[in-house]
Amino acid sequence: MDLFIGPDGSPRCGWSGGAPEFLDYHDTEWGFPVADDRRLFEKLALEAFQSGLSWRTILVKRDNFRKAFANFDFHVVADFTPPDVDRMLADPGIVRHRGKIEAVVNNAQRAIDLEEEFGSISSYFWNFSPEPDEVAVPQTMSTSPTSVKLSKDLKKRGWKFVGPTTAFAFMQAMGLINDHALGCVTREVIAHSVDPRE
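Residues numbered from 1 in each chain as written. Predicted model: local features only at pLDDT ≥ 70, side-chain atom pairs only at ≥ 80, totals over all residues. Heavy atoms only, no water.

The next thing to look at is the side chain of D37. Looking at where D37 falls in the secondary structure, it is placed in helix α2 (residues 37–50). Of the side chains with opposite charge, R38 lies nearest to the buried D37, which makes no salt bridge, at 10 Å. In this view, D37 contacts F74, E115, S120, I121 and S122; residues no more than four positions away in its chain are not counted. (Helix = DSSP H or I, 4+ residues; strand = E, 2+ residues; numbered from the N terminus. Buried < 20%, exposed > 50% of the residue type's maximum accessible area, 1.4 Å probe, protein only. Lys, Arg positive; Asp, Glu negative; His and termini not counted. Salt bridge = Lys/Arg side-chain N within 4 Å of Asp/Glu carboxyl O. Contact = heavy atoms within 4.5 Å.)

A complete count under the given rule lists 15 aromatic pairs for this structure. A ring pair is formed by Y25 and W55, whose centres lie 5.5 Å apart and whose planes are at 40°; its orientation type is tilted. Within this pair, whereas Y25 is found in helix α1 (residues 22–28), its partner W55 is found in helix α3 (residues 55–60), the two being separated by 30 residues in sequence. When its relative accessible area of 5% is taken as the criterion, Y25 is described as buried. (Phe/Tyr/Trp six-rings, centres within 6.5 Å; stacked < 30°, edge-to-face > 60°.)

With that settled, the discussion passes to the UniProt feature "binding site: Zn(2+)" (unreviewed entry) in the protein chain. Per the UniProt record, "binding site: Zn(2+)" (unreviewed entry) is found at C13, H26, H180 and C184. Of the residues just listed, which span 172 residues, no C-alpha pair is farther apart than 10.4 Å, and they cluster in one region. With respect to the helices and strands, H180 occurs in the loop between α10 (164–173) and α11 (185–191). Side chain to side chain, H180 and H26 meet in a polar contact 3.1 Å long. Counting through the fold element by element, C184 comes out in the loop between α10 and α11. Those residues in contact with C184 that lie beyond four places of it in its chain are L3, P11, R12, C13 and H26. (UniProt positions renumbered as here; feature names shortened; annotations may be inferred. Polar contact = N/O pair within 3.5 Å; in protein donor to acceptor, adjacent residues only side chain to side chain.)

Attention shifts here to unusual backbone geometry. With a phi close to 50°, A70 is a non-glycine residue in the positive phi region. On the secondary structure map, A70 appears in the loop between α4 (62–68) and α5 (74–77). Judged by its relative accessible area of 29%, A70 is partly exposed. Here F161, not a glycine, exhibits a phi torsion of approximately 55°, which is positive. Assignment of secondary structure puts F161 in the loop between α9 (145–156) and α10.

Let us now look at the environment of L114. In this structure, L114 sits in helix α7 (residues 98–118). Along the sequence, L114 and Y124 sit 10 residues apart, while their C-alpha atoms lie 7.0 Å from each other. If sequence neighbours within four positions are ignored, L114 has contacts with G119, S120, I121, Y124, R157 and W159.

Now for helix α6 (residues 82–89). All buried positions along α6 are accounted for by D84, V85 and M88. Taken down its axis, α6 places every buried residue within 100° of arc, on the same side. Turned more than 90 degrees from where α6 packs its buried face, P82 and P83 sit exposed. Packed against the buried residues of α6 are α4 and α7. (Arc of directions from axis to C-beta.)

Next up, the structure:
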């Protein structure tokens, strides 16, 4: 895996140099363990929107998505109605895909179900934190056995647009696995970060 040498001279994952928006996202968000329910729901929603598109497309529109989806407060989004869907379909600042928009509303309702069952959606998702050796070579996989299990369980619970690849990208981004490239300066930072379950 090629590394990108950042402005400070430190090596990072090669993809972090692919677009101006990527470096800060890489250094401050991607792969850092997240226990905040709203952020977890936001990321899974945005990963669903990314399906078939580039992450840069979603990242540059993220603030618009946050405005459209009530800052991804799933308690609010769960009550969205067809006029809210129509409003978003007319919003040029987001990806206007009816199926994905309706999936986020549906998934907000399912997130409330998880919260009621597990106390938080964080408690649910962190149950799917795999053993470190499951991802042996960083950034060469698009799914994993655990992402397949997570995808199947979410679908069984009625979630939509949560295939194994989407689940794996979510696990990477939210720190359930540390998939920064070997030699990336951020990999070591995350390796010494606090586990949200502690």
